[in-house]
Amino acid sequence: MKALCCALLILLGSLGCARIYRPVTLVSPPRGATQAEGLSGGLTPQPWGDNSRYEQKASDANLRVLVLSLENTSPAGVEVLRLDLPEGVTPLSAEAAASLIKQHSGAHLLYPLIPALLTAGSSGGGGASATIGPTPAMVFGAMAVVGLLVGLPNLAVAANSNRRVEQFFQAEAWSPGHLGPGQTRRGLIFLRCPEPRALLQIRVITRRGSAEWALELTSPGATPL
């Protein structure tokens, strides 16, 4: 039984504790980093702040979260139509990006569930002679109670943190549309890249009147975690 308890503790310990999501501020790319045809823009990685678990999950999923900033420096309005991405780079919605990096809140139910199942399995009958000290069922039952006290708060923390991440992504997501004279638009874009740490070039396709123009922007590569 001692070996089984040790294995159980190791298994539950490997789940780790949920991390609280700490809000971050949308970073501003360098102003006017790239300019062309009355439009200036910048592209830079969004810092994760004190959210290393989400940052690591993004890295594991080849997800890049970037801030795109555009400013119309011309006296006429411009329509931002779309983004042209390099081959192999896939755009994601805010919801899809958040789903890739969420903490698995349901996994924390294993804290009470596994000991409870072992309690049921070890409490079978049989005319066993009286033993000294706690029985396996008593030990696993106590572990189930402790697991419940630990697992439920972790489940709540993980679920709440996931919700706050998704809300941030949705609120700050970049979208195309009309950009008036002197107007600036800034927001997050979410990309899955085969080479998540390499330089990334995108083309912002715009239209002024009947002519289409492309503004080419480059994001620096991500630094290793």
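Everything below is about the structure printed above this text.
Rules used throughout
Residues numbered from 1 in each chain as written. Predicted model: local features only at pLDDT ≥ 70, side-chain atom pairs only at ≥ 80, totals over all residues. Heavy atoms only, no water. Core = buried A, V, L, I, M, F, W, Y, C linked by side-chain atoms within 4.5 Å. Buried < 20%, exposed > 50% of the residue type's maximum accessible area, 1.4 Å probe, protein only. Helix = DSSP H or I, 4+ residues; strand = E, 2+ residues; numbered from the N terminus. Salt bridge = Lys/Arg side-chain N within 4 Å of Asp/Glu carboxyl O. Pairing = 2+ DSSP bridges. Axes fitted to C-alpha atoms, helices over the stretch in contact; angles between N-to-C directions. Arc of directions from axis to C-beta.

Q: Mind laying out the nonpolar core, listing which residues take part and the relevant values?
A: Across soluble globular proteins, you tend to see nonpolar side chains buried next to one another. By size, the foremost hydrophobic cluster in this structure holds 18 residues, and its most contacted members are L68, L70, I189 and L217. Elements represented by at least two residues in this core include exactly β2 (39-45), β3 (63-72), β4 (78-84), β7 (184-192), β8 (200-208) and β9 (211-219). Y21, A58, V67 and V165 belong to the second largest nonpolar core, which has 17 residues in total.

Q: Which residues make up the pattern of salt bridges, and what values do they have?
A: Opposite charge on two side chains allows them to pair when their charged atoms are near. According to the stated counting rule, one finds four salt bridges in the structure shown. The partner of D50 in a salt bridge is R22, with the nearest N and O atoms 3.2 Å apart. With D50 in the loop between β2 and α2 (52-60) and R22 in the loop between α1 (2-15) and β1 (34-36), the pair connects residues that are 28 residues apart, well separated along the chain. Exposure remark for D50: the relative accessible area of 55% places this residue in the exposed category. A salt bridge links R203 to E216; the nearest nitrogen and oxygen atoms lie 3.6 Å apart. Of this pair, R203 sits in strand β8 while E216 sits in strand β9; the two residues are 13 residues apart in sequence, bridging distant segments of the chain. Overlapping salt bridges bring together R82, D84, R203 and E216 as one network.

Q: Just give me the short version of the sheet that holds β8, but keep the residues and values in it.
A: Spatially, the four strands line up as an open sheet ordered β6-β4-β8-β9, and their pairing is antiparallel. Either end of the sheet is taken by a strand with one partner, and the two such strands are β6 (177-179) and β9. Strand-to-strand twist in this sheet, taken as the mean axis angle between neighbours without regard to direction, amounts to 35 degrees. Here β4 pairs with β8 via five bridges, running antiparallel. Bridge assignment links D84 to a residue of β8, and that residue is R203.

Q: If you had to explain the pairing of β3 to someone new, which residues and values would you point to?
A: In terms of residue burial, β3 counts as a mostly covered element, since ten of its ten residues are buried. Both faces of β3 are covered, namely the face carrying L63, V65, V67, S69 and E71 and the face carrying R64, L66, L68, L70 and N72. Two elements, β2 and β3, share seven bridges in a ladder whose sense is antiparallel. Note on β3: the bridge partner recorded for G41 is L70.

Q: Report on the pairing of β2, specifying residues and quantitative values.
A: Counting buried residues in β2 gives six out of seven residues, a clear majority hidden from the surface. Two strands pair when backbone bridges link them, and β1 and β2 are joined in this way by three bridges, in the antiparallel orientation. Counterpart to Q35 in the pairing with β2 is S40. Between β1 and β2, which pair antiparallel and follow one another directly, the connecting turn spans two residues, one of which, E37, has a positive phi of 50 degrees.

Q: Explain the environment of N154 to me, using residue names and the numbers behind them.
A: On the secondary structure map, N154 appears in helix α5 (residues 136-172). For the pair N154 and A18, spaced 136 residues apart in the sequence, the C-alpha separation amounts to 5.2 Å.

Q: Describe helix α3 (residues 94-101), with residues and values.
A: Listed in full, the buried residues belonging to α3 are A94, A97, A98 and I101. End-on view of α3: buried residues confined to an arc of 100 degrees, all on one side of the axis.

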